[in-house]
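Reading the structure
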Amino acid sequence: MILAAAVLLFQFPAVGAVSASHAKLNQPKAATVAAAPSEASRTADQPKNAEAKASGDAKPTLPPVEPLTEPPSQPMSSVNLGPPPAFRPPDEAPVVHRKLWILLSATEHSSAGFDAWSTRYALSNGRIEADPIMRPFAGSSAIYGAIQVIPIGLDYVARRFQRSSGWTRHIWWAPQSVAAATFLFSGSYNVAHIN
């Protein structure tokens, strides 16, 4: 805290120096031209400045700064902003899409549960779990909870797709549908290849 206070105290003189140099920059052009020394006086003062620089007493002089000119502005009536973007608030998603999302979520989670049950059934008949991520959970009933992580994530992705305003709004159903089909295929494969 003491260090922070010290840093703040040391910054105040620097702010004053910056504002003084900023005030010099904002002087009118005629004043800067009038204050600028002529070529003859510069060449006459060069030996004196060289001696002063050698002694270290002189402050360096900056060349005069030209003030900035603003670009010509155009009236706001001539600025074309284009059509306003299509905006659909997220709470106005159609009720039909919301019901389909819930139906696909239930299908996806049920098929994941079927895959977990068929994996446990296959393991009890001498098969082994091929998925290295699910292998630690395969020997216990923790597989039922662990296998639901992917459907929860895909439910979130599908909901975000559904509420978006881009091209993903049209394929919001794809993540849940593909996951449900994959879980159903895995579960049926486990049951079919037990013997």
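Details of the structure are given in the entry above.
Please read these numbers as outputs of a predicted model, since none were measured by experiment. Sequence positions are assigned chain by chain, starting from 1 and proceeding in written order. Owing to the predicted nature of the model, reporting of local features is limited to residues with pLDDT of at least 70; listing and counting of side-chain atom pairs is limited to 80 or more, with chain, interface and lining totals taken over all residues. Working from all heavy atoms in the structure, the side-chain values ignore hydrogens and water.

**Remarks on the side chain of Ser118**
Secondary structure elements are defined from DSSP: runs of H or I of at least 4 residues count as helices, runs of E of at least 2 residues count as strands, and each element is numbered from the N terminus. Its place among the elements puts Ser118 in helix H4 (residues 95-124). Throughout, a contact is declared for two residues whenever any of their heavy atoms are within 4.5 Å. Setting aside chain neighbours within four positions, we find Ser118 in contact with Ser186, Gly187, Asn190 and Val191.

**Quick notes on helix H7 (residues 149-163)**
For H7, which comprises 15 residues, the first-to-last C-alpha distance of 22 Å matches the rise-based estimate of 21 Å (1.5 Å per residue) to within 8%. Under the scheme applied here, a residue whose accessible area is under 20% of the maximum for its type counts as buried, over 50% as exposed, and between as partly exposed, the area being computed with a 1.4 Å probe on protein chains only. Among the residues of H7, Pro151, Asp155, Ala158, Arg159 and Gln162 are the ones counted as buried. Taken end-on, H7 shows its buried residues confined to a sector of 100 degrees, consistent with a single buried face. Turned more than 90 degrees from where H7 packs its buried face, Val149, Ile150, Tyr156 and Arg160 sit exposed. Buried positions along H7 lie against H4 and helix H8 (174-192). Helix span, expected: 1.5 Å multiplied by one less than the number of residues in the helix. Note that the arc is computed from the directions linking the helix axis to the C-beta atoms.

**A look at the nonpolar core**
Most often, soluble globular proteins keep nonpolar side chains buried together rather than apart. Buried Ala, Val, Leu, Ile, Met, Phe, Trp, Tyr and Cys residues that are joined via side-chain atoms within 4.5 Å together make up what is termed a nonpolar core. In terms of nonpolar packing, the biggest core is built from nine residues, these being Ala112, Ala116, Met134, Ala138, Ile143, Ala146, Ile147, Ala179 and Phe183. Among the secondary structure elements, those contributing two or more residues to this core are H4, helix H6 (143-146) and H8. If we ignore the near neighbours within four places in the chain, the residues touching Met134 are Glu129, Ile143, Ala146 and Ile147.

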